[in-house]
There are 2 protein chains.
Amino acid sequence: MKKMTFVIGLLCLGMTLSAQPGIISTRPANNQDGKILTMEETILSRELSPANLSARWADSDEILMHKDGKWQYWNIATGEYSDYKAVPAKKLHAISKNQSLYLIDKEGNEKVIAKSTCSNITYGDIVSRNEFGISGGIFWSPDSTKVAFYRKDETKVTSFPLLDITTRTGSLKEIKYPMAGMDSENVQLGIYDIATGETVYAKADDFGYDTYLTNITWSPDAKKLYIIVLDRSQKHLKLNEYCPETGNCLNTILTEDNDKYVEPVDPLYFIKGFNNIFLYRTANIDGYRNLYLCDNSGNIRRLTAVDADVQYVANDGKYIYYTSAEVSPVENHLFRIEIKNLKKGVVKASFGKPQRLTFEEGWHDVQLSPDCKHFIDSYSSLSVPRVINLCKTDGKKVSNLLTAEDPTLDYAYTEISLGTIKSADGQYDNYYRLIKPKDFDPSKKYPVIVYVYGGPHSQMVQNTYLGLLRRWEMYMAQRGYLVYVQDNRGTENRGLAFEQAIHGQCGQAEMADQIEGVKMLMDLPYVDKDRIGVHGWSYGGFMTISLITNYPEIFKVAVAGGPVIDWKWYEVMYGERYMDNPATNPEGYAKTSLINKAKDLKGKLLICQGAIDPVVVWEHSLSFIRECIKNNVQVDYFPYPCAEHNVMGKDRVHLHDKISMYFEDYL
Amino acid sequence: MKKMTFVIGLLCLGMTLSAQPGIISTRPANNQDGKILTMEETILSRELSPANLSARWADSDEILMHKDGKWQYWNIATGEYSDYKAVPAKKLHAISKNQSLYLIDKEGNEKVIAKSTCSNITYGDIVSRNEFGISGGIFWSPDSTKVAFYRKDETKVTSFPLLDITTRTGSLKEIKYPMAGMDSENVQLGIYDIATGETVYAKADDFGYDTYLTNITWSPDAKKLYIIVLDRSQKHLKLNEYCPETGNCLNTILTEDNDKYVEPVDPLYFIKGFNNIFLYRTANIDGYRNLYLCDNSGNIRRLTAVDADVQYVANDGKYIYYTSAEVSPVENHLFRIEIKNLKKGVVKASFGKPQRLTFEEGWHDVQLSPDCKHFIDSYSSLSVPRVINLCKTDGKKVSNLLTAEDPTLDYAYTEISLGTIKSADGQYDNYYRLIKPKDFDPSKKYPVIVYVYGGPHSQMVQNTYLGLLRRWEMYMAQRGYLVYVQDNRGTENRGLAFEQAIHGQCGQAEMADQIEGVKMLMDLPYVDKDRIGVHGWSYGGFMTISLITNYPEIFKVAVAGGPVIDWKWYEVMYGERYMDNPATNPEGYAKTSLINKAKDLKGKLLICQGAIDPVVVWEHSLSFIRECIKNNVQVDYFPYPCAEHNVMGKDRVHLHDKISMYFEDYL
């Protein structure tokens, strides 16, 4: 075992971003007297969506397309269409139901392979509340001889009661909800052998009862199983190799440590043709999420050497394809790097120069064909609604599948622009989007609504069609508001130091950055600085209440949805990563708790909440208003009785009407 | 057994009320520039309370007085004061705790006499959710040799979950809540014999599993026990006599039947010196709650022969003392009737003429001395803040204990008046109270707030100090609002036909009557008929939403608190009395359900709710807003997270601020 330890501390790495000075683009100023969005259109209608086409690879010659309401295969060589045919069922598949794990054959016969005997134990389902890149609980070996699966034991996790009002007498739905600092889940990984019917468990409790088991990966030959094991504090991880027959740990390939957190979200990406060489992605070595070429002996070499976050896409054994933020954090482009002499091993292999494969300004979503000879390039930018091309990986465009028209041409014009503003610490350019009111007149004064999210793993501003605008922003702009959206420190795609700037004090750096943007707005001649509102949901709800209570002199009206109020009520996995444990970071929890800020609320605040929210439980917002009541501070509230964390469907029309009317009434 | 059956149908008895034409009284128009009430004063302060004295009989010679913060005895013969001394503890007392029944002696030694072995069974506590006059679950025999107690079995009753947010992780409090039409409690009456340590149960399941056992009364010699047993439909009752040694039923003394409901709320009032002669109160014989002289053989004679409701007060074996609404429904006066020759039995006894003992206009609260020679007469009226006199029952005043000054003299003047308005069916005069705005100018137009309760067993308008005004009404009047409060059919003190007019269709007759009042207001020159609001809590919350959804053209703004939304979610005992069973009265339930009315909401409606309300459970209001959301109807909401049915203490200041601001913002 080769041990490698990388610690990135509080050091802020000065980034050289391709910062965009001021406004970078706008749509053409067309139809001033055009249509006005209805609330239904902002939520329910798809007619403002520019791309009436979806396409994905069926195999290296055929693309499965959904066009004009119909699925068809399109042969990229012949250009011919053929009818969609259902993919034949696999011989065996595995499902998790009623907390147990079943094998089901083609005829539908079920066989239980891990039976839950207790309501606290679940087999084959997701664990760790979808954190660490976890999106499923069943992992077939590539040769289909074994099934690995999660076992989750929630015996020690406290329950939180939710009220279901849809039953005759009202009834209780209890969910298991591990809160920061409290007892958590126990996770194990079982490996079931189809031939023998036996299950072994990976010996993976390296960090005790609440070790996280993440990013389960089989080697291509199915002879090894890899698990990234992580301790409860999320400051230490090991990449371990296991024997699927015995569950024994064969090797710890590498370790990572960080005094804030490590956050493994990627499986191992094996190089085609190798069972022991793979790509590993981490931000913890060079400060950006880059790709590293590794082998199972622990040899490791940096492949993508850029001060920008990259995403693995595919490889054909010769080229590694990835997208990267290196052109601009608000753009996404495809690159490839050739690897030579890999048969001589990781250390002796040589790497070619990175080769850029997409060139048009904007955000490119790419899909490589299985043989990596072609890719579907779907992109948009502030001035390009949507283009979908079929391209060769040698750089040539084969054909254009879609060039969408701007579907907002008939609607009353509202100018949208992107720009940058310095972060509060002066180290970064933060990107913003601004939409101006219909019939904008720079000699008038307009109210502003800041829409905020601001939490980790988010990016609200990209150089895409309408700049990731939410239709509600256009709705409000058409009714006379400036709407401003800005990313801040802590968000995605900007490297580790930018992301970790919030550690231990969620909301503080984020607020400081948002306030920079708001001050810039307040200096604009056409901004009515006495009429500034703020709105956000979830982390953005937390930000919204943080902003109106910390800056009562700036914000007149706020609408917060599903807000975190105190991180001690949020979940273990996400919460402790960013806030540590309440026992080890009491100052951070106290400083960021909005319970302590309720008394400082001066403006009008409406809180909305899904009443059966299992993500940000009702405890948060009810506790905040309880504190307001204690301090005789007025606050408004609206629960959506049958909504979970996000208010969806028709309820969402009602919600956005409510939000809009609140700003109309009070801003 | 002598069986007597009285059925009062839909017949409306034409009442000859001493109706008050128009305004009957006002306070003197004093201090126009006086103090303005703060919200805290409306809720927390006692300084607007007129009587800084409370007095109750210690024995026939002494009154225990609380005056100037001190308890003292006052000898009515000598006029001397003596210090308060604690009453010596009883030899034995019984308490219900942890659902079991205990005897506790003077030394504090406990002995369990009925032990609950299951969370669904409770001994010695109230049953039937406090309906039918039930206020306790332990009934000592007069000779202290036996303890009768309730046993309540809630096994079949569904639970309703309440969320307690005051615990670290949020926790569940489940309450048993029997909903209309669903399985209910089983109630039994145990009789424990101190000497033998044995318990027998009264054989009282006359109407099966959910027979109600009400108004438990021991005979003075402790040899008999009386129970009024009532069927689930509440249309049939029996007054039964039991043997406390065996639990056997000895006799059914009388029965009552009514095709709407019978509602026994009084125990038997035994005549001093007799173990078998008592007063029985019912409205079911003559249409008003009158007193009847009965014996345990079933002989019965009407004692109080007035078309008005009376209340039993006391008797000394010779005189029966009672209060009555016969002078006016908004006044309460003491009367007595002499009974002669009672030793010859109920049939042969002769009754004197009723003799009125209180004469000053207003509402008299009276306390008779144990020997019935004196009474404390505490009264007020619209023009008398509070007078407390000591009087002789022969009619002479002995001394004045208190003549309170009007504590509102320093406050800005707002005129308060009482009056009457015809009920919608033209049969009755309904009483109202109106407070006019500060600096009232009849040439101006003022907005109106209708404050409404309207439910059974309520009387919101009486000829008392400020006319039962809630201080919040004065608060709003000082801020420019007319506030109107009116009793309607269904309320108390007006006889059975008036009360039962609402049966099976709660809210319908009440609304019709309230609308008569509102129409009268709309015809007043100083009323701005485009600015009419309504506010009420509980039954009044139900009325409020009923009014704004049934009369959207009249009401612009409404605030409803803890509202019943559909009677199917309300409790069995109260709900089925007024609405029958959902299975037998589906039309009535459908017609009165506000779920069906949500789509008709046009004005602004704020609903407030105690989030742990065990009386009108959260199901009601959450279901209503769910229906509003479904219909994309805007509605506002505010929960009080730690409040039960009524929002009390400091929370109430916050609540009343919220209510007031809602009217200020939108009316």
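Every value quoted in this text rests on a predicted model; they were computed, and no experiment measured them. (Residues numbered from 1 in each chain as written. Chains lettered and ligands numbered in written order. Predicted model: local features only at pLDDT ≥ 70, side-chain atom pairs only at ≥ 80, totals over all residues.)

A.B. asks: Describe the interface of chain B and chain A, and please don't skip the residues or the numbers.
C.D. replies: The interface is formed by 34 residues belonging to chain B together with 34 residues belonging to chain A. For the side of chain B that touches chain A, the secondary structure elements donating two or more residues are β11 (159-164), α8 (619-630), β39 (636-640) and α9 (650-666) of chain B. Residue classes in the side of chain B that touches chain A are distributed as 21 nonpolar, seven polar and six charged. (Contact = placed C-beta atoms within 7 Å. Helix = DSSP H or I, 4+ residues; strand = E, 2+ residues; numbered from the N terminus. Nonpolar A, V, L, I, M, F, W, Y, C, P; charged D, E, K, R; others polar.)

A.B. asks: So what's going on with the relation of the copies chain B and chain A? Which residues, and what values?
C.D. replies: In screw terms, the move from chain B to chain A is a rotation of 180° and a rise of 0.0 Å along the axis, fitting with an RMSD of 0.1 Å. The symmetry that links the two subunits is that of a two-fold axis. (Least-squares fit on C-alpha atoms with pLDDT ≥ 70 in both.)

A.B. asks: Describe the nonpolar core, with residues and values.
C.D. replies: Core analysis: the biggest nonpolar cluster contains 355 residues, and I227(A), V483(A), I227(B) and V483(B) have the highest contact counts within it. Summarising the domain contributions, this core has at least three residues from each of domain 1 (99-156 + 184-267) and domain 2 (409-666) of chain B. Setting aside residues up to four positions removed in sequence, I227(A) forms contacts with L189(A), A202(A), A204(A), L213(A), I216(A), N240(A) and Y242(A). (Core = buried A, V, L, I, M, F, W, Y, C linked by C-beta atoms within 7 Å. Buried ≥ 20, exposed ≤ 12 C-beta atoms within 10 Å, placed from the backbone. Domains from an automatic or database assignment.)

A.B. asks: Kindly report on unusual backbone geometry, identifying the contributing residues and their values.
C.D. replies: All names here are of chain A. The phi angle at N493 is positive, at roughly 75°, despite the residue not being glycine. Following the sequence through the fold, N493 ends up in the loop between β35 (482-486) and α3 (496-500). In this structure, N632 takes a positive phi of about 50° despite not being glycine. N632 gets classed as partly exposed once you count the C-beta atoms within 10 Å, which come to 14.

A.B. asks: Go over the pairing of strand β21 (residues 290-295) of chain A with me, naming the residues and quoting the values.
C.D. replies: Residue and element names in this part refer to chain A. Two elements, strand β20 (residues 277-282) and β21, share six bridges in a ladder whose sense is antiparallel. Across the sheet, the residue bridging to R281 is L291, located in β21. Here β21 pairs with strand β22 (residues 300-302) via three bridges, running antiparallel. Residue C294 lies in a different strand from β22, and its bridge partner there is I300. Connecting β21 to the next strand, β22, in antiparallel fashion are four residues, including G298 with a positive phi near 100°. (Pairing = 2+ DSSP bridges.)

A.B. asks: Quick one: what's the story with helix α6 (residues 572-579) of chain A, residue by residue and with numbers?
C.D. replies: Most of α6(A) sits inside the fold, with eight of its eight residues counted as buried. Among the structural elements, α7 (586-592) of chain A are those in contact with the buried residues of α6(A).

A.B. asks: Lay out the sheet that holds β21(A) in plain terms, naming residues and giving numbers.
C.D. replies: The strand order across the open sheet built from four strands is β19-β20-β21-β22 (chain A), with neighbouring strands paired in antiparallel fashion. Edge positions in the open sheet fall to β19 (269-270) and β22 of chain A, since each of these has one partner strand only.

A.B. asks: Any chance you could break down the sheet that holds strand β5 (residues 92-97) of chain A for me, citing the residues and the numbers?
C.D. replies: Residues and elements named next belong to chain A. The sheet built from three strands is open, its strands ordered β5-β6-β7 with antiparallel pairing. Bordering the open sheet on either side are β5 and β7 (110-114), each of which pairs with just one other strand. Neighbour-to-neighbour, the strand axes of the sheet open up by a mean angle of 30°, direction not taken into account. (Axes fitted to C-alpha atoms, helices over the stretch in contact; angles between N-to-C directions.)

A.B. asks: For the pairing of strand β13 (residues 186-193) of chain A, give the residues involved together with the corresponding values.
C.D. replies: All names here are of chain A. The pairing of strand β10 (residues 146-153) with β13 spans eight bridges and is antiparallel. Residue pairing across strands places K146 opposite D193, the latter belonging to β13. Note that β13 and strand β14 (residues 199-201) share three bridges and pair antiparallel. Note on β14: the bridge partner recorded for Y192 is T199. Hairpin connection between β13 and β14: a loop of five residues separates the two successive antiparallel strands, and G197 in this loop has a positive phi of roughly 75°.

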